[in-house]
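The primary structure of each chain is shown beneath.
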Amino acid sequence: MGKITGFLEHTRELPEKKSAEERVKDYKEFELLYEPEKLNEQAARCMNCGVPFCHNGCPLGNVIPEFNDAVYRKEWKEAYEILSSTNNFPEFTGRICPAPCESACVLGINQPPIVIEEIEKHIIEKAFELGLVKPRTAIVRTGKKVAVIGSGPAGLAAATQLNLAGHLVTVFERDDAPGGLVRYGIPDFKLEKYVIDRRVDVMKEEGVIFKFNANVGVNVKLNDILREYNAVVLAGGSTEPRDLPVRGRELKGTYFAMQFLKQQNKRNAGKDPHALPEIESNILAEEILATGKNVIVIGGGDTGSDCVGTSNRQKAKSVTQFELMPVPPKDRTEFMPWPTYPMILKTTSSHEEGANRHWAIATKEFVADKNGNLKALKVVDLEWKVKDGRPAQFLEVEGSEREMPCELALLAMGFVHPQHHGLIDELGVELDERGNVKATEKDFDTNIAKVFACGDMRRGQSLVVWAISEGRECARKVDEFLMGFSLLESKDQNLIISNG
């Protein structure tokens, strides 16, 4: 370890951010990088634990104490090589991952945990600055061709690994640019899109072929894909949003969160905000803007938070966020023991910029004005209790029903499964009980010969770090299918190595 007493001498400090008043003026990233001395102090806090639980907390099995030590010693090449051995895209996880590794940090038992996510971000940014990120190409090409359908983190990870194994990889993306929801779902103030483009440029140099506006099952024939390629990886996202079927849902002014967020990301890129894939079920012709409106975001997760930040940048009159569940505790309870991921109160940078947060509240009706536009939400408070001997359930608080002014309601309640219309329906692939593509846990294979699935399409809506992990593991299984063996590393191997 870099410094034996580091965790005793220094406490956790996050990098500085632009003030809320300043950062809402544009859509640029606003978190600054550490000064070298401060970064050195934060890396020095890592204790090089005998059993580093952070490895198990990370779905990728990142070798965290080792790259922390390299950062402390300012050995950037070593730090980058350690980090990139398990994580294809630390520039993504270093910005938008909720960092389950930090929740599992041993130091977190009685002190604030290591800033693992920020250190990851600093390693990869320093690596790009120093020219350490170079194309990695296979020494020998196998001649096998693999189609990866979807260019989100899972698809990009699978494509990178399969290309490294020597296969000829083509990525099909139905939109006009790569990245999936990382590009058109995550706001620019959390991840600017040059970050994606920079990485895709490296992948192209490595030999990966990208085809955009290529909607397999619509303008690209599925039979051509199955005939031309030796293996197919389904790596699309979980894009069907959860709806709220209450009275007035059809009113103008009520939209899904991704309709709102995608339009703004298109604007930021200088593109037509309505130029969305032709079979996307939530395509809209009208402009969705929060400017001058009372905005209510229904859903308390990260997507809801992104809607809050975007609404503030569009100069909404007011921004309110609803959450069905009661307000969570600020700290771990006995039911959230370390090193599990704690369900505690999370205040994001978007909340800091201004938001009225309501907990244990339900929407009963979208209320229309005389022109059929949304003007208010009829809501009611909830309480979790036992009634008539039945299990605990949400019950309405008597007398709490009221209307709240609202001209723009954004539904951010998560996603239920991948879009079925098009590729999945035509392929006839088997689905699980939740509507996701059914693929085995062990081999990622589906009921269709030579067709594999990974990421949100297989496991349902999840984290970017899980998507990358799924893409890497799936690539290994596809490589084994094509060649009979694989030299690609698995997460299990990484954990064995990192734990000695």
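Residues numbered from 1 in each chain as written. Predicted model: local features only at pLDDT ≥ 70, side-chain atom pairs only at ≥ 80, totals over all residues. Heavy atoms only, no water.

Student: Any chance you could explain the overall build of the protein here in plain terms?
Tutor: Scanning the protein for helices and strands turns up 20 helices and 16 strands. Here the C-alpha radius of gyration of the protein, 23 Å, is about what a compact globule of 500 residues would show, namely 23 Å. Of the contacts formed within the protein by residues at least 6 apart in sequence, a portion of 69% connects residues at least 24 apart. Surface summary for the protein: the accessible area is close to 22,200 Å², and the carbon and sulfur share equals 52%. When the 64 positive and 74 negative side-chain charges of the protein are each reduced to one mean point, those points stand 2 Å apart. (Helix = DSSP H or I, 4+ residues; strand = E, 2+ residues; numbered from the N terminus. Rg over C-alpha atoms; globule rule 2.2 N^0.38 Å. Contact = heavy atoms within 4.5 Å. Areas by Shrake-Rupley, 256 points an atom, 1.4 Å probe, with all protein chains shown as cover. Lys, Arg positive; Asp, Glu negative; His and termini not counted. Charge placed at Lys NZ, Arg CZ, Asp CG, Glu CD.)

Student: Would you mind showing me how to read unusual backbone geometry here?
Tutor: For residues that are not glycine, phi is negative in most cases, and the peptide bond is trans in most cases. In this chain, Trp338 is followed by Pro339 through a cis amide linkage whose omega measures 5°. Note on placement: Pro339 falls in the loop between strand E8 (318-323) and helix H16 (349-352). Located in the positive-phi region is Asn213, a residue other than glycine, with phi close to 50°.

Student: I tried to follow a nonpolar patch on the surface on my own but got confused; where do I start?
Tutor: Nonpolar side chains collect at one region of the surface, where Met483, Phe485 and Leu487 lie side by side and expose about 350 Å² of accessible area between them. As for its placement among the helices and strands, Leu487 is situated in the loop between helix H19 (464-483) and helix H20 (491-498). For Leu487, a relative accessible area of 75% puts it in the exposed group. (Patch = residues over 30% accessible without salt bridge, like charges linked within 9 Å, V, L, I, M, F, W, Y side chains within 5 Å. Salt bridge = Lys/Arg side-chain N within 4 Å of Asp/Glu carboxyl O. Buried < 20%, exposed > 50% of the residue type's maximum accessible area, 1.4 Å probe, protein only.)

Student: Just checking my understanding: could you explain helix H9 (residues 116-129) for this structure?
Tutor: Working note: α-helix, 3.6 residues per turn, so residues spaced by three or four point in the same direction. When the terminal C-alpha atoms of H9 are compared, their 20 Å separation across 14 residues agrees well with the 20 Å that a helix rising 1.5 Å per residue should span. Buried residues dominate H9, accounting for twelve of its 14 residues. Taken from the residues just after H9, Gly131 is the one with a positive phi, measuring 75°. (Expected span 1.5 Å × (residues − 1).)

Student: Which parts of the structure should I look at to understand the layout of surface pockets?
Tutor: In this approach, a probe sized like a water molecule rolls over the atoms, and the result shows the empty space that is left. As a volume, the second largest pocket reaches approximately 390 Å³. What lines the second largest pocket is a set of 20 residues, among which Leu164, Ala165, Asp479, Leu487 and Leu488 lie closest to the centre. Put simply, the parts of the chain that give the lining of the second largest pocket at least two residues each are helix H10 (153-164) and H19. At three residues, the largest contribution of residues to the lining of the second largest pocket is made by H19. Across the lining of the second largest pocket, the residue classes tally to nine nonpolar, six polar and five charged. (1 Å grid on protein atoms, 1.4 Å probe; cavity = no way out; pocket = protein on both sides within 12 Å on 5 of 7 lines; lining within 4 Å. Points joined across faces, edges and corners; volume = space filled by probe spheres on them. Nonpolar A, V, L, I, M, F, W, Y, C, P; charged D, E, K, R; others polar.)

Student: What is the right way to read the sheet that holds strand E16 (residues 451-453) from this model?
Tutor: Where strands meet in a sheet, backbone hydrogen bonds hold them as pairs that are either parallel or antiparallel. If you walk across this open sheet you meet the five strands as E3-E2-E1-E4-E16, and the pairing is parallel. For this open sheet the edge positions go to strand E3 (209-211) and E16, each flanked by a neighbour on one side alone. Between one strand axis and the next, the sheet turns through 20° on average, direction left out of account. Where strand E1 (residues 145-149) and strand E2 (residues 168-172) come together, five bridges link them in parallel fashion. Opposite Lys145, over in E2, you have Leu168 as the bridge partner. (Pairing = 2+ DSSP bridges. Axes fitted to C-alpha atoms, helices over the stretch in contact; angles between N-to-C directions.)

Student: Hey, could you run me through the pairing of strand E14 (residues 408-411) in this one?
Tutor: Where a strand is regular, its side chains alternate between the two sheet faces. Residues of E14 alternate between two faces, with Leu408 and Leu410 on one and Ala409 and Leu411 on the opposite face, all of them buried. Pairing of strand E6 (residues 254-256) with E14 involves three bridges; the strand directions are parallel. Across the sheet, Thr254 pairs through a bridge with Ala409, a residue of E14.

Student: Quick question: what am I supposed to make of the packing of helix H5 (residues 64-72) against helix H6 (residues 76-84) here?
Tutor: What describes two packed helices is the angle between their axes and the distance between those same axes. Two elements in contact, H5 and H6, have axes separated by 8 Å at closest approach and are oriented at 165°. Considering their axes alone, H5 and H6 lie roughly antiparallel with respect to each other. H5 and H6 meet at a crossing whose hand is left-handed. On the side of H5, the interface is formed by Glu66, Phe67, Ala70 and Val71, while H6 contributes Trp76, Glu78, Ala79, Ile82 and Leu83. Taken together, the residues of the contact of H5 with H6 sort by class into seven nonpolar, no polar and two charged. (Parallel < 35°, antiparallel > 145°, perpendicular 65-115°, else oblique. Left-handed = near helix turned anticlockwise from the far one by under 90°.)

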